[in-house]
Amino acid sequence: CANTAVMNGGVAHNLSEEESRQDGAGDTDGGEDSNEQEVIVIQDTGFTVKIQAPGTEPFDLQVSPQEMVQEIHQVLMDREDTCHRTCFSLQLDSNVLDNFAELKSIEGLQEGSLLKVVEEPYTVREARIHVRHIRDLLKGLDPSDAYNGVDCNSLSFLSVFTDGDLGDSGKRKKKGSELEQIDCTPPEHILPGSKERPLLPLQPQNKDWKPMQCLKVLTMSGWNPPPGNRKMHGDLMYLYMVTVEERHISITASTRGFYLNQSTTYTFNPKPANPSFLSHSLVELLSQIRRLHLPSGLRGTHTWTGTHTSRLGYEEHIPGQTRDWNEELQTTRELARKNLPDRLLRERAIFKVHSDFAAAATRGSMAVIDGNVMAINPGEETRMQMFIWNNIFFSLGFDVRDHYRELGGDAAAHAAPTNDLNGVRAYGAVDVEGLYTLGTVVVDYRGYRVTAQSIIPGILEREQEQSVIYGSIDFGKTVVSHGKYLELLERTSRPLKVQRHNVLNEKDESMELCSSVECKGIIGNDGRHYILDLLRTFPPDLNFLPVEGEELSPESVRQGFPRQHRHRLACLRQELIEAFVEHRYLLFMKMAALQLMQQKANKESKLATLTENSSPGAAVPALPSTETPDVTCYIDIHSTSLSSSPDLSNPTLTCFHQDPKSREVVLNACKAVGSISNTSFDIRFNPDIFSPGVRFPEDSADDIQKQKQLLKDAGAFMVSCQIPSLVKDCLDHSALPMDGATLTEALHQRGINVRYLGNVLAFVDQTPAKAQLEHFYRIGISELITRCAKHIFKTYLQGVELSALSASVSHFLNCFLSSFDAVAHLPADELVSRRKNRKRRNRVPGGGDNTAWASLTPSELWKNIVSEAQSYYHFTLHCENADQVVEKYGLQKITLLREISIKAGIQILIKEYNFDSRHKPAFTEEDILNIFPVVKHVNPKASDAFHFFQSGQAKVQQGYLKEGCELINEALNLFNNVYGAMHVEICACLRLLARLNYIMGDHHEVCCFRHYKHILIFLSRYWASSTPTLSRNMYTGCVYYVSGNIGLVLHGVMEYDLSLRFLENALAINSKYHGPRSLKVALSHHLVARVYESKAEFRSALQQEKEGYTIYKNQVGEAHEKTKESSEYLKYLTQQAVALQRTMNEIYKNGSNASIMPLKFTAPSMASVLEQLNIINGIIFIPLSQKDLENLKAEVQRRQQLQESGKSVEDLTVDGPLELEDKIPMDVNVD
């Protein structure tokens, strides 16, 4: 069926209402399947309303019917002319609108309606919120919040990167009729071969930037709270302010607004001053006192480098803001999801509430560790205490009451929260109606792991034994089950590959479960069915779980497994489970196909002797009449979604039912691959296998044995398939790790846990192509070392008193990275007290010797790192200090510093550090600016937007560029609707749209920065805060693209020497990672030859082009177009070289009397530079003649007719309809 898409055309934040009719899994087949997904997007146009705010002219605002009134509030708080208002209501015809009402539900609201902004009376809470908001506006351009990560603020360097040349606000001066030239010479530290690794360029500053200070002080007055008689006059609180002109002001916040009072520092006189300047907004009051301009800020992430900053004082926590997080989280999940507008509203609400919850949980976790929250069990030992703050429950990652004693003690208690979070993520992704999980955030801060969870209604009012109606509270000793939970969990068992099974309770009664025994089911006072403790959602990893009497597969044994791990909670990742099931499904299909073909061959030989009237199709379904047997009649591997465990209800398998022998084939194949069903492919895992304390009924012994074998096979699949697959992908450059985070992501995408990192490195070390994996090996070693250091640092920090935190962190970094033999010393105490060593009240959780950290030495630390690498990763490091690491493994100390800072949450002062000095340490305590939390949480997904994005990618890859571009545009709108304007997925959409617009010739869309402007904003914030120098962190293809692009641009502006350095670097990288005979190397030789030609160094140019010609000749033959082009260029260079030599000979022979013919030294044209840029970036334009165009048009029409008639077009030789221009663009590198 045809794909139809009617796209809406609003701006990003005003997405019109759409509906989507979906049949199946998605539009990813791109016209190759006759049952292709149909996507219809119906436009429900938005409308425009007028907004009238006090003191401003009415303005138009485009809105969408499914938006809420609250979103208009947010828009007004973001607009420049209304951003200072917080306490107001919106009224339509004098009727106050409900903030949580959808616009379509408001009677009388239509096109052109006038909404009035009406100022409302203040309360104490509203006044505090207003002061907080004004403070944020005043500090919008100050980087202090960005450095400190307040409210997720982060740095932005967009104006520095664009040098004031972006948009209409550009500041470039004009010289005559042209703009002033910008110096584009690359700085010395990014030139190829540079040994410098400076930190200062990480946070570039605009030379013209000056800190904008509106006020010196804005804080609460010491005269608070208002006395009773002033409360009777409406006084809510008092503020104290100092202006830039050193004017000291006292302000009263009243129910009517803000005004000046007559109080001074030493005298309390709350009566209004003369004049009082009563204003509803604090900004309006300040504007009457002095001219005030309000900047706006951006939001983002922590940075691992920073500067010393100061900030206006304000209250961190506003009283009265406690929220019922559990109710909000669960209510948003209960929102309707029947059509696209409903799903958009639901996903946006989920994303917003979850983001707020994660931020609140992070603040609460920091407050808990800093000792600012009272425990709910203060009489217990500090490490056993639990906390409640802002309706969030907090617990520490220690083994409380020997709960995890049999599983590994504190190590298991530390690992359990991340396992639980993975379980919450998995069940949340399945999203079964009626089954609820807790909001969960895991925070690592100051060496402690804190788990923050929303609170089940009523859970604190009763004992756990009374609450749990499903699962076990003691790891399987007592087990209960519940029919409703079995029904709900059964709906999750297929996507999560969890087997329904029976276990014995303490009375030897068989209890049926559809999860691990640790999974607890609790019905809250709100009637919802909650599941928690999901730490064993996925089956155990037998490679790290030695079991007496059990022998692993030979593949695992050869790799040295099983290995003892620190805890017994090592589980397989969900990605590995899915990859293993997909692998088994393909194996199942191949085995069934082979047996069916054998049966058919045997039957045909028998039927050959029968009469002509006997039809073989009566017993066996007829195969298509092709030259070779086509088994797709029986099994269509590609038409079944591998992720959804196919069964016999699928049309591709139903023909097995038609013959008993075919059913026998299925039975044999099911047994061979370990399917739990004998009639269909269905692989599921029992998560309770090998769990201590769990017993199974005797009648399930055979099934348990099958499950054990399945787990052994999964472990063998990890080491024999997934790890080699990762290394192969790196060799093929389809996986390009650039640092520790991207390496970890690459491992996780293939289901490989980080604990296998030692095995991965050992595999790389034994690979014949190790030289081509040098970058991967180096990143892996760096990741392994910094993770070992993080493990040690975690324990190291737990015994440190808060006042010694900066000194202890600087001492650890000196031991880790400095060549100076760090002498153990205690820093001089800044505060001298007459009272010695009184018992401190605010002890850190875990206690310990507060000065033990000072005894750490570099040799001891590195000995511990080597020991940790051996015991945890089973990898042997041959080094005793940081200098040996740099020498042996080719690492950089600055890279190790970045990795340990990001992993451990350390923020350091941005300056140049001398790591190699043997006379003084590299770090002092003044260099440690902050410790920030490292947060793990579930990232809610915009499912419909992902569907559109993936469909668009599929269209682009099939050549349907216009359709793909429309789908990506629609995905961008949906992402904007759910996430807002700043998100990594939006960046991916913008990047692809910019690329597609360029390919399709719509250069205006690219050049007007509609897409790349946003990418620059995003990258300037996210890359700058986490990536050192771009060219120092990118390897293989990435560095090749960077060096090649820079080299070509420099060649275009006739900076030949600099261009040559970059292009020769790209050549060296290509030769190293792609091999000396690669076509990429040939292209690099040609680019270098072009620069040599421009420099009139024809001999060097000839040498380079000969190398390229030789590669083309050997790889594609003499008749190929590229070989011919290279040959022609060689002839041209030879002619130029001969002409130059003749000229030189003439000069030597006749001196100044020589008659010299002018030589042709042509500067590279922009067209040729652009052409080469297209090629190295994977964009190839294929020139077509008019006849080719006519043929292609006819072919396109024929394909479209076939599509409309519902016929398959997958066998056609021509790809989909491309843009019909003089040149047909083809993107060979679209991701």
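Just so we're clear, the structure is a prediction, and the values are computed from it rather than from any experiment.

**Student:** Would you take a moment to explain the overall build of the protein chain for this structure?
**Tutor:** A tally of regular secondary structure across the protein chain gives 35 helices and 27 strands. Taken over 1231 residues, the protein chain has a buried fraction of 50%. For the protein chain, the proportion of contacts with a sequence separation of at least 24, taken over those separated by at least 6, is 69%. Summing over all exposed atoms, the protein chain offers an accessible surface of approximately 59500 Å²; the carbon and sulfur share of this is 50%.

**Student:** Could you clarify how one ought to interpret the sheet that holds strand β1 (residues 47-52) in this entry?
**Tutor:** In a beta sheet, neighbouring strands pair by backbone hydrogen bonds and run either parallel or antiparallel. Read across the sheet, five strands follow the order β2-β1-β5-β3-β4 without closing on themselves; strand pairing throughout is mixed. The two strands at the open ends of the sheet, each matched to only one other strand, are β2 (59-63) and β4 (95-96). Bridge count between strand β3 (residues 88-92) and β4: two bridges; the pairing is antiparallel. If you follow Q91 over to β4, its bridge partner there is V96.

**Student:** Got a minute to help me understand the sheet that holds strand β21 (residues 520-523) in this structure?
**Tutor:** Here four strands make up an open sheet; going across it, the order is β15-β22-β21-β18 and the pairing mixed. Where the open sheet ends on each side, the last strands, each with one partner, are β15 (435-437) and β18 (468-470). For this sheet, the mean angle separating the axes of adjacent strands, direction not counted, is 45°. Both β21 and strand β22 (residues 529-532) contribute to a ladder of four bridges, which runs antiparallel. Within β22, the residue paired with I522 across the bridge is Y530.

**Student:** Which parts of the structure should I look at to understand the nonpolar core?
**Tutor:** Side chains of nonpolar character tend, in soluble globular proteins, to be buried together. Membership of the largest hydrophobic core comes to 152 residues, with the highest contact counts inside it found for I785, F816, I865 and L877. When residues in this core are grouped by element, the largest group, twelve residues, is from helix α18 (residues 774-798). Setting aside chain neighbours within four positions, we find L877 in contact with I781, L784, I785, I865, V866, A869 and Y889. Ranked by size, the runner-up nonpolar core spans 29 residues in total, among them L340, F351, F946 and V956.

**Student:** I would appreciate a short explanation of the side chain of S263 in the present structure.
**Tutor:** Looking at where S263 falls in the secondary structure, it is placed in the loop between β11 (257-260) and α6 (282-289). Of the residues examined, S263 reaches a relative accessible area of 9% and is grouped as buried. Only 3.0 Å separates the side chain of S263 from the backbone nitrogen of N269, close enough to count as a polar contact. With sequence-adjacent residues up to four places away left out, S263 is seen in contact with W223, S250, F268, N269 and P270.

**Student:** Which parts of the structure should I look at to understand the state of the cysteines?
**Tutor:** Any covalent bond linking the sulfur atoms of two cysteines counts as a disulfide. Going through the model one piece at a time under the given rule, you end up with zero disulfides. As a non-bridged cysteine, C788 has C879 as the owner of its nearest cysteine sulfur, 9.9 Å distant. The exposure class of C788 is buried, given its relative accessible area of 0%.

**Student:** I'm lost on the packing of helix α8 (residues 340-369) against helix α24 (residues 961-979) in this one. Help?
**Tutor:** The axes of two packed helices give the description: the angle between them and the distance between them. At a closest axis distance of 8 Å, the pairing of α8 and α24 adopts a crossing angle of 45°. Taken together, the axes of α8 and α24 lie oblique to each other. Touching L344, E347, R348 and F351 of α8 are L974, N977, V978 and Y979, all from α24. Partitioning the contact of α8 with α24 into residue classes produces five nonpolar, one polar and two charged.

**Student:** I tried to follow helix α17 (residues 757-766) on my own but got confused; where do I start?
**Tutor:** Residues spaced three or four apart along an α-helix point in a common direction, a consequence of the helix completing one turn every 3.6 residues. Residues of α17 that are buried: L757, G758, N759, V760, L761 and V764. Buried residues in α17 make contact with α15 (701-732), α16 (740-749), α18 and α20 (858-873).

**Student:** How should the packing of aromatic side chains be read in this particular structure?
**Tutor:** We describe a pair of aromatic rings using the distance from one ring centre to the other and the angle between the two ring planes. Scanning the entire structure with this criterion turns up 27 aromatic pairs. Taking 5.4 Å as the distance between ring centres and 35° as the angle between the ring planes, the aromatic pair formed by W223 and F268 counts as tilted. Linking W223 in the loop between β8 (215-220) and α5 (228-231) with F268 in the loop between β11 and α6, this pair joins segments that are 45 residues apart in sequence. Take W223: its relative accessible area is 29%, and that puts it in the partly exposed class. Residue F268 is classed as partly exposed on the basis of its relative accessible area, which comes to 30%. Where W325 meets F357, the ring centres are 5.8 Å apart and the plane angle is 65°; that geometry is what we call edge-to-face. Placement of W325 in helix α7 (residues 325-333) and of F357 in helix α8 is noted, with a sequence separation of 32 residues between them. This pair shows no difference in class: W325 is buried, exactly as F357 is. Taken together, the ring pairs connect F793, Y796, F812, F816 and W862 into an aromatic cluster. In this structure, R79 packs its charged tip against the face of F59, placed 3.7 Å from the ring centre.

**Student:** Could you clarify how one ought to interpret α16 in this entry?
**Tutor:** If you check which residues of α16 are buried, you get G740, L743, T744, A746 and L747. One face of α16 carries all of its buried residues, which in axial projection span an arc of 160°. Exposed residues lying more than 90 degrees from the buried face of α16 are A741 and Q749. As for α16, its buried residues are in contact with α15, α17, α18 and α22 (893-904). A side-chain oxygen of the first residue of α16 lies 3.3 Å from the backbone nitrogen of A741; this N-cap is D739. Residue G751 follows α16 closely and has a positive phi angle near 80°.

**Student:** Explain the pairing of β3 to me, please; I cannot follow it from the model alone.
**Tutor:** Consecutive residues of a regular strand have side chains that alternate between opposite faces of the sheet. With five of five residues buried, β3 lies mostly within the body of the structure. Where β3 lies against strand β5 (residues 114-119), four bridges are found, and the strand directions are antiparallel. For S89, the partnering residue across the bridge sits in β5 and is V118. Hairpin connection from β3 to β4: two residues lie between these consecutive antiparallel strands, with D93 at a positive phi of about 55°.

**Student:** When you look at the pattern of salt bridges in this model, what are you seeing that I'm missing?
**Tutor:** Note on pairing: side chains with opposite charge can pair once their charged atoms come close. Here the structure, examined in full by the defined rule, presents 56 salt bridges. A salt bridge links R79 to D81, with the shortest nitrogen-to-oxygen separation between them at 3.3 Å. On the basis of relative accessibility, which here comes to 28%, the residue R79 falls in the partly exposed class. By sharing partners, the salt bridges in this structure join E490, R494, R500, E512, D682 and R684 into a single network.

**Student:** Explanation requested: the packing of α7 against α8 in the structure shown.
**Tutor:** Two elements in contact, α7 and α8, have axes separated by 8 Å at closest approach and are oriented at 160°. By the angle class used here, α7 and α8 are roughly antiparallel. Here α7 and α8 pass one another in a crossing that is left-handed. Here α7 contributes W325, E328, L329, T332 and R333 to the contact with α8, which in turn contributes R346, A349, I350, V353, H354, D356, F357 and A360.

Analysis parameters
- Residues numbered from 1 in each chain as written.
- Predicted model: local features only at pLDDT ≥ 70, side-chain atom pairs only at ≥ 80, totals over all residues.
- Heavy atoms only, no water.
- Helix = DSSP H or I, 4+ residues; strand = E, 2+ residues; numbered from the N terminus.
- Buried < 20%, exposed > 50% of the residue type's maximum accessible area, 1.4 Å probe, protein only.
- Contact = heavy atoms within 4.5 Å.
- Areas by Shrake-Rupley, 256 points an atom, 1.4 Å probe, with all protein chains shown as cover.
- Pairing = 2+ DSSP bridges.
- Axes fitted to C-alpha atoms, helices over the stretch in contact; angles between N-to-C directions.
- Core = buried A, V, L, I, M, F, W, Y, C linked by side-chain atoms within 4.5 Å.
- Polar contact = N/O pair within 3.5 Å; in protein donor to acceptor, adjacent residues only side chain to side chain.
- Disulfide = S-S within 2.5 Å.
- Parallel < 35°, antiparallel > 145°, perpendicular 65-115°, else oblique.
- Nonpolar A, V, L, I, M, F, W, Y, C, P; charged D, E, K, R; others polar.
- Phe/Tyr/Trp six-rings, centres within 6.5 Å; stacked < 30°, edge-to-face > 60°.
- Lys NZ or Arg CZ within 6 Å of the ring centre and 35° of its normal.
- Arc of directions from axis to C-beta.
- Salt bridge = Lys/Arg side-chain N within 4 Å of Asp/Glu carboxyl O.
- Left-handed = near helix turned anticlockwise from the far one by under 90°.

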